[in-house]
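Secondary and tertiary structure notes
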Amino acid sequence: MKMRLLWYCDPRCPFQPDGYWPGSGPAPYGTREVGLWTFIGVVCMLFALFGAAYLMRIGYEDWRLLPPVPWQLWLSTALLGAADAALLFGARAAQRRCPRRARRLGVLGWGLSATFVASQSWAWAAMAAQRVDITAGPAAGFFYMLTGLHAVHVMGGMVAAAWVLARARQGDDVRLGQALSLCARYWHALLVLWCAVFGLLFGMTPELVRDVCAAVGITVR
């Protein structure tokens, strides 16, 4: 009973490392870090569920493999990796008291991310030119859904990064470094997710899934 009364009386959030409570001003770095990791965990779980659905659906007879990887997707992978690196080096530049270089690298990371989204659109057009549109079959449907969902998360990160760069103040290097560090971590997660989606869409075959399931004792169709 005493613990419950203390919980109601204490305005601080006990789950936040800084005792931050929403509405009490800008969130400290530790609180923003916890929020980011929580969001990344939710996003990873979402993609994991879609991946599990993909693996369960791949065993059906109407499954048709996607055509070879369009080169635009290799370009997208390189662009996303470069954006991730630019934001990481931008955060390190801010921590070393080089705000001008940090902002330039942040803008470069943002621009590379925008180019990644454009390259994805180009890849969708290339797939459609091969008559692989969203109605071409379950594999095509998964392709557009997973790549589109990933692009939406990249654009959401771009909005956050643009807000960080627009509000960066002269002389506030610590805060800029913290914000860019959080952006870099989000881009790390986006890059890992993209590699997982890429491998799932173009590396998994019905035969491979059956062999893996048979090896672990799971019966599939």
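First things first, this report covers the structure right here in the doc. Everything quoted here is computed from the prediction, not taken from an experiment.

Here the focus is the overall build of the chain. Scanning the chain from N- to C-terminus turns up 7 helices and 0 strands. A buried classification covers 39% of the 221 residues belonging to the chain. Residue pairs at least 24 apart in sequence account for 77% of intrachain contacts in the chain once pairs closer than 6 positions are excluded. When the accessible surface of the chain is split by element, carbon and sulfur atoms take 67% of a total near 12900 Å².

Pairing between side chains of opposite charge can happen when their charged atoms approach one another. The tally for this structure, following the rule as stated, stands at 2 salt bridges. Across the pair aspartate 62 and arginine 57 runs a salt bridge whose closest N-O atoms are separated by 2.7 Å. Residue arginine 57 is classed as partly exposed on the basis of its relative accessible area, which comes to 24%.

This next bit is on the packing of helix H4 (residues 99-129) against helix H6 (residues 173-203). Relative to each other, H4 and H6 sit at 25 degrees, their axes nearing to 11 Å. On the basis of their axis angle, the class for H4 and H6 is roughly parallel. As H4 packs across H6, the resulting crossing turns out to be left-handed. In this structure, H4 uses Pro99, Ala102, Arg103, Gly106, Ser113 and Gln120 to contact H6, whose residues at the interface are Asp173, Leu176, Leu180, Trp187 and Trp194. For the contact of H4 with H6, the class distribution of residues is 6 nonpolar, 3 polar and 2 charged.

This part covers the packing of aromatic side chains. One pass over the structure, following the stated rule, counts 12 aromatic pairs. Note on tryptophan 71 and tryptophan 122: the rings are 4.8 Å apart at their centroids and 80 degrees apart in plane angle, and the pair reads as edge-to-face. Placement of tryptophan 71 in helix H3 (residues 71-95) and of tryptophan 122 in helix H4 is noted, with a sequence separation of 51 residues between them. Residue tryptophan 122 is classed as partly exposed on the basis of its relative accessible area of 45%. Measuring from centroid to centroid gives 6.0 Å for phenylalanine 116 and tryptophan 194, while their planes differ by 80 degrees, and the two rings are edge-to-face. Of this pair, phenylalanine 116 sits in helix H4 while tryptophan 194 sits in helix H6, placing them 78 residues apart in sequence. Residues phenylalanine 116 and tryptophan 194 agree in their burial class; the two are buried. Ring pairing ties together the aromatic residues Trp74, Phe116, Phe143, Tyr144, Trp194, Phe198 and Phe202, which thus form one cluster.

Within the element layout of this structure, histidine 153 appears in helix H5 (residues 138-167). A relative accessible area of 12% places histidine 153 in the buried class. Within the local environment of histidine 153, its side chain forms a polar contact with the backbone oxygen of leucine 149, the two atoms lying 2.8 Å apart.

In this model, arginine 97 sits at a positive phi of 65 degrees, which is unusual for a non-glycine residue. Of note, arginine 97 is situated in the loop between H3 and H4. Of note in this structure, arginine 131 is not a glycine but carries a positive phi near 65 degrees. Inspection of the secondary structure puts arginine 131 in the loop between H4 and H5. Looking at arginine 131, the relative accessible area reads 77%, which means it is exposed.

What counts, and where the lines are drawn
- Residues numbered from 1 in each chain as written.
- Predicted model: local features only at pLDDT ≥ 70, side-chain atom pairs only at ≥ 80, totals over all residues.
- Heavy atoms only, no water.
- Helix = DSSP H or I, 4+ residues; strand = E, 2+ residues; numbered from the N terminus.
- Buried < 20%, exposed > 50% of the residue type's maximum accessible area, 1.4 Å probe, protein only.
- Contact = heavy atoms within 4.5 Å.
- Areas by Shrake-Rupley, 256 points an atom, 1.4 Å probe, with all protein chains shown as cover.
- Salt bridge = Lys/Arg side-chain N within 4 Å of Asp/Glu carboxyl O.
- Axes fitted to C-alpha atoms, helices over the stretch in contact; angles between N-to-C directions.
- Parallel < 35°, antiparallel > 145°, perpendicular 65-115°, else oblique.
- Left-handed = near helix turned anticlockwise from the far one by under 90°.
- Nonpolar A, V, L, I, M, F, W, Y, C, P; charged D, E, K, R; others polar.
- Phe/Tyr/Trp six-rings, centres within 6.5 Å; stacked < 30°, edge-to-face > 60°.
- Polar contact = N/O pair within 3.5 Å; in protein donor to acceptor, adjacent residues only side chain to side chain.

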